[in-house]
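Reading the structure
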Amino acid sequence: MDLEEAEEFKERCSQCAAVSWGLTDEGKYYCTSCHNVTERSQEVINTDLIPNTQIKALNRGLKKKNNSEKGWDWYVCEGFQNILCQQAEALKNLGIGPELKNDVLHNFWKRYLQKSKQAYCKNPVYTTGRKPAVLEDNLSHSDWASEPELLSDVSCPPFLESGAESQSDIHTQKPFPISKASQSETSVCSGSLDGVEYSQRKEKGIVKMTVPQTLAFCYLSLLWQREAITLSDLLRFVEEDHIPYINAFQHFPEQMKLYGRDRGIFGIESWPDYEDIYKKTIEVGTFLDLPRFPDITEDCYLHPNILCMKYLMEVNLPDEMHNLTCHVVKMTGMGEVDFLTFDPIAKMAKTVKYDVQAVAIIVVVLKLLFLLDDNLEWSLSNLAEKHNEKNKKDKPWFDFRKWYQIMKKAFDEKKQKWEEARAKYLWKSEKPLYYSSVDKPVAYKKREMVVNLQKQFSTLVDSTATAGKKSPSSFQFNWTEEDTDRTCFHGHSLQGVLKEKDQSLLTKNSLYWLSTQKFCRCYCTHVTTYEESNYSLSYQFILNLFSFLLRIKTSLLHEEVSLVEKKLFEKKYSVTKKKSRSKKARRH
């Protein structure tokens with residue numbers, strides 16, 4: 001960076017008020033503290049050496065190329081910013097408003113760059129060996145309403161557009177000023193300038209950015225906007241390739257070369273895990289020191305009353321069950337604003353697993369109605385079947401056996417298609433990753449051979465054309481009254497399992513078994529354990545069905561059911577706790 005040539009420019013930066021300027025390859029001044037590029041260009045001081053000439057324009061110069069790969073000099077954080085831009089655009093295509101990218105995600109990313117000391121601070125970590133000081137004044141909580149700059153449409157088009165562009169246009173759109181790096185500054189072990197350093201960097205208290213972390217940023221932004229997308233929906237859209245995640249690096253600009261250590265940073269060979277992204281969301285929110293999120297109220301999509309209705313419709317259960325789920329939500333206090341709203345700066349920062357919680361409430365209601373002990377649910381089904389045969393003109397009673405048969409068939413078909421799609425998924429990217437420029441021809445040759453073999457094999461196995469990417473939907477199962485092939489249970493009655501008493505409805509079933517009799521101690525890493533052999537087949541089916549819908553482990557849903565029961569039957573748990581204490585006292 002031509003810092004000495006920029007010493008003559010003494011104006012304060014409009015962003016951070018610092019007086020520390022450098023020159024881009026275009027000759028424009030940029031702030032070395034916050035990387036704000038001004039419209040001011042370096043002026044020619046002396047023209048006496050050029051007689052009989054008149055300067056009409058300044059030469060913009062050529063973009064600095066990385067000598068090892070003839071590409072841009074870029075940093076790892078720019079690669080992650082590229083992926084975030086791709087994901088923000090994908091969410092926009094799914095119907096999310098542009099303010100999620102321009103207002104919310106912009107501020108979160110800007111704050112992360114400052115907290116991790118990569119930008120918006122004095123002496124960023126990738127420019128000098130000195131430890132920079134974070135400028136806390138620039139990003140106070142009052143700045144949440146400020147206009148975006150970093151991830152706005154002005155700074156990200158090179159990440160979102162393709163095709164030929166003039167060198168000057170590409171340069172002005174780069175999110176960070178391109179440094180005039182010497183050969184010694186250019187990494188020979190990675191395409192990025194700081195790939196080797198970044199992969200080895202371990203600093204206490206700093207959340208290191210990874211590709212899964214980008215989904216945590218997206219979910220935090222969705223949660224801040226209270227959008228109608230849950231975490232399970234987000235991960236499913238990733239799985240269906242509606243949101244870039246696997247091989248997202250192949251959409252980087254051609255000038256951003258990836259090899260060597262970049263392979264381990266941006267290469268992903270596994271699907272995102274619900275519990276992992278959930279933990280990363282809390283980790284990122286706490287690291288960014290974000291304020292309390294907007295309240296989750298009853299009219300919000302993430303409220304359990306609304307989510308319960310959504311999942312009742314999806315698994316073809318009666319609409320009348322919604323009144324019971326609302327009652328459970330009220331009794332457990334799970335619909336309270338303080339319980340539902342994410343507050344990263346709270347003493348125990350945690351957010352609710354909104355989708356898992358809603359499904360767990362439905363499971364609890366099913367246990368209240370049918371017990372799910374492989375006995376009572378079938379006895380009640382016999383009564384419903386006889387009633388429906390005698391009263392064909394009346395509103396039919398809900399038949400659990402018939403529902404089980406229809407749902408099991410639909411579930412097995414859907415799961416088989418999902419497993420086949422996963423087995424056929426091509427993990428290798430169209431843009432091969434290699435360790436060094438020496439390996440590049442070999443990597444591309446291998447990739448070409450693989451593509452040719454795949455084409456030949458697909459021709460031999462199936463001559464029909466492969467189906468295109470299906471359109472995104474919030475529902476995986478669709479049930480309508482007009483469908484004659486499958487029964488829709490939405491309008492069925494629960495009279496066969498409910499009875500009236502003193503102008504109120506009670507369940508005919510007066511029994512209930514707890515999913516967890518005794519919780520593990522507080523220092524244990526899990527709430528409870530789940531052994532399938534210890535539970536009824538109907539309960540296992542219900543858990544497997546909902547776990548598939550959310551793409552989560554069955555044990556995770558079982559734990560959430562246990563937590564709902566603990567709140568609902570708090571007195572019962574306290575009694576068992578007292579009994580265990582009294583037994584211990586007798587032993588002593």
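A brief structural summary. (Residues numbered from 1 in each chain as written. Predicted model: local features only at pLDDT ≥ 70, side-chain atom pairs only at ≥ 80, totals over all residues. Heavy atoms only, no water.)

Some remarks on the overall build of the chain
Selection rule: By the criteria applied, helices consist of DSSP H or I runs no shorter than four residues and strands consist of E runs no shorter than two, each listed in order from the N terminus. Residue contacts follow a heavy-atom distance rule, with two residues in contact if any of their heavy atoms lie within 4.5 Å. Exposure was quantified through the Shrake-Rupley algorithm and a 1.4 Å probe, taking into account, for residues, occlusion by the shown protein chains and nothing else.
When helices and strands are tallied, the chain shows 19 helices and five strands. Sequence-distant contacts in the chain: of pairs separated by 6 or more residues, those separated by 24 or more amount to 71%. Accessible area of the chain: about 31,100 Å², with a carbon and sulfur share of 51%.

Here we look at the packing of helix H10 (residues 304-314) against helix H13 (residues 354-370)
What counts here: In this analysis, axes come from line fits to C-alpha atoms, helices being fitted only over the stretch in contact, and the angle between any two N-to-C directions falls in the range 0 to 180 degrees. Oblique is the label for any angle not covered by the other classes, which are roughly parallel (under 35 degrees), roughly antiparallel (over 145) and roughly perpendicular (65 to 115). Two helices crossing with the near one rotated counterclockwise from the far one by less than a right angle form a left-handed crossing, whereas a clockwise rotation gives a right-handed crossing. Three classes are used, and their members are as follows: Ala, Val, Leu, Ile, Met, Phe, Trp, Tyr, Cys and Pro are nonpolar, Asp, Glu, Lys and Arg are charged, and the others, Gly among them, are polar.
One can describe the packing of H10 onto H13 by two numbers: an axis separation of 9 Å at closest approach and a directional angle of 65 degrees. In terms of orientation, H10 and H13 fall into the roughly perpendicular class. Two packed elements cross with a definite hand, and for H10 against H13 that hand is right-handed. Contacts between H10 and H13 pair Pro304, Leu307, Cys308, Tyr311 and Leu312 from the former with Tyr354, Asp355, Gln357, Ala358, Val359, Ile361 and Ile362 from the latter. Split by residue class, the contact of H10 with H13 holds 10 nonpolar, one polar and one charged.

Topic: helix H17 (residues 537-550)
Quick reminder: α-helices carry 3.6 residues per turn. Residues three or four places apart thus point the same way. In plain terms, the rule: Here a helix's expected span is defined as the number of its residues, less one, multiplied by 1.5 Å. Remark: exposure states derive from per-residue accessible area (1.4 Å probe, protein chains only) relative to the maximum for the residue type, with buried under 20%, exposed over 50%, and partly exposed in between.
The terminal C-alpha atoms of H17 lie 20 Å apart, and with 14 residues this matches the ideal 20 Å at 1.5 Å per residue to within 8%. Buried residues dominate H17, accounting for 12 of its 14 residues. One or two residues past the end of H17 sits arginine 551, with phi positive at roughly 55 degrees.

Description of the packing of H13 against H17
Two elements in contact, H13 and H17, have axes separated by 11 Å at closest approach and are oriented at 160 degrees. Considered as vectors, H13 and H17 are oriented roughly antiparallel to each other. The interaxial crossing formed by H13 with H17 has right-handed handedness. Where H13 abuts H17, its residues Asp355, Val356, Val359, Ile362, Val363, Leu366 and Lys367 lie against Tyr539, Ile542, Leu543, Phe546 and Leu550. Within the contact of H13 with H17, the residues separate by chemical class into 10 nonpolar, no polar and two charged.

Topic: the packing of aromatic side chains
Our working rule: Side-chain rings of Phe, Tyr and Trp, where Trp is taken by its six-membered ring, are said to pair if the distance between their centres is within 6.5 Å; with planes under 30 degrees apart they count as stacked, over 60 as edge-to-face, and otherwise as tilted.
Under the definition given, this model contains 32 aromatic pairs. Centre to centre, the rings of phenylalanine 252 and phenylalanine 266 are 5.6 Å apart; their planes meet at 80 degrees, and the pair counts as edge-to-face. Taken as a pair, phenylalanine 252 in the loop between helix H7 (231-239) and helix H8 (262-266) and phenylalanine 266 in helix H8 lie far apart in primary sequence, 14 residues in all. In terms of burial, phenylalanine 252 and phenylalanine 266 fall into one category: buried. Among the aromatic side chains, those forming a connected cluster through ring pairs are Phe370, Trp378, Phe398, Phe400, Trp403, Tyr404, Phe411, Trp418, Phe489, Phe541 and Phe548.

Side note on the environment of alanine 349
Residue position: alanine 349 is located in the loop between helix H12 (337-340) and H13. Taking C-alpha positions, alanine 349 is 7.0 Å from isoleucine 282, a pair spaced 67 residues apart along the chain. Ignoring any residue separated from it by four or fewer positions in sequence, one finds alanine 349 in contact with Ile282, Thr286, Asp343 and Pro344.

Observations concerning the pairing of strand S2 (residues 28-31)
Inclusion rule: A strand pair is defined by DSSP finding two or more bridges across the two strands.
Side chains Lys28 and Tyr30 project from S2 onto one buried face, and the interleaved Tyr29 and Cys31 project onto a second face that is buried too. Note: strand S1 (residues 21-23) against S2, three bridges, orientation antiparallel. For leucine 23, the partnering residue across the bridge sits in S2 and is tyrosine 29.

Quick notes on the nonpolar core
As a rule of thumb, soluble globular proteins bury nonpolar side chains together. The cut-off we apply is this: Each nonpolar core is a collection of buried residues, namely Ala, Val, Leu, Ile, Met, Phe, Trp, Tyr and Cys, held together in the definition by side-chain atoms within 4.5 Å.
Core analysis: the biggest nonpolar cluster contains 136 residues, and Phe80, Phe217, Phe266 and Trp403 have the highest contact counts within it. When residues of this core are assigned to their parent elements, the largest contribution, 13 residues, is made by H13. Excluding residues that lie within four positions of it along the chain, phenylalanine 80 makes contacts with Trp109, Tyr198, Met209, Thr210, Val211, Thr214, Ile265 and Phe266.

Here we look at the pattern of salt bridges
Between side chains of opposite charge, a pair can form as their charged atoms come close. Quick reminder of the rule: Any carboxyl oxygen of Asp or Glu within 4 Å of a side-chain nitrogen of Lys or Arg constitutes a salt bridge here.
Scanning all chains against the criterion turns up 17 salt bridges. Here glutamate 197 makes a salt bridge to arginine 201, at a shortest N to O gap of 3.4 Å. Measuring nitrogen to oxygen at the nearest pair gives 3.2 Å for the salt bridge that ties arginine 551 to glutamate 239. Here arginine 551 is found in the loop between H17 and helix H18 (554-568), whereas its partner glutamate 239 is found in helix H7, with 312 residues between them in sequence.

Some thoughts on the environment of leucine 372
The topology assignment puts leucine 372 in the loop between H13 and helix H14 (376-390). Leucine 372 sits in the buried class, given a relative accessible area of 0%. Expressed as a C-alpha distance, the spacing of leucine 372 and tyrosine 535, which sit 163 residues apart in the sequence, is 9.3 Å. Ignoring anything within four residues of it in the chain, the contact list for leucine 372 reads Leu366, Lys367, Glu377, Phe400, Trp513, Ser536, Ser538, Tyr539 and Ile542.

A closer look at the pairing of strand S4 (residues 498-501)
Alignment of S4 against strand S5 (residues 504-507), held across four bridges, turns out to be antiparallel. Residue pairing across strands places lysine 499 opposite leucine 506, the latter belonging to S5. Connecting the antiparallel pair S4 and S5 is a turn made up of two residues, with aspartate 502 showing a positive phi of about 55 degrees.

Here's the deal with unusual backbone geometry
Although it is not a glycine, aspartate 241 sits at a positive phi angle of roughly 70 degrees. Its place among the elements puts aspartate 241 in the loop between H7 and H8.

Some thoughts on the environment of lysine 414
Here lysine 414 lies in helix H15 (residues 400-424). For lysine 414, a relative accessible area of 28% translates into the label partly exposed. Each C-alpha atom of the pair lysine 414 and phenylalanine 477 lies 8.7 Å from the other, and the pair is 63 residues apart in sequence. Non-local contacts of lysine 414, meaning those with residues more than four positions away in its chain, are made with Gln476, Phe477 and Phe548.

Details of the side chain of threonine 332
How we decide: N or O atoms closer than or at 3.5 Å make up a polar contact, with two conditions inside protein: a donor-capable atom paired with an acceptor-capable one, and, for residues adjacent in sequence, both atoms drawn from side chains.
Take threonine 332: it is sitting in helix H11 (residues 321-332). Overall, the relative accessible area of 11% leaves threonine 332 in the buried class. A polar contact is formed between the side chain of threonine 332 and the backbone oxygen of valine 328, at a distance of 2.8 Å. In this structure, threonine 332 is in contact with Val564, Lys567 and Leu568, ignoring residues within four places of it in sequence.

As for helix H9 (residues 274-287)
In this model, H9 (14 residues) spans 20 Å end to end at C-alpha, consistent with the 20 Å of a helix rising 1.5 Å per residue. Among the residues of H9, Tyr274, Ile277, Tyr278, Lys280, Thr281, Ile282, Val284, Gly285 and Phe287 are the ones counted as buried. Each element contacted by the buried residues of H9 is listed here: helix H2 (99-115), helix H6 (211-225), H7, H13, H17 and H18. The distance from a side-chain oxygen at the start of H9 to the backbone nitrogen of glutamate 275 is 3.2 Å, and the residue carrying that oxygen is aspartate 273.

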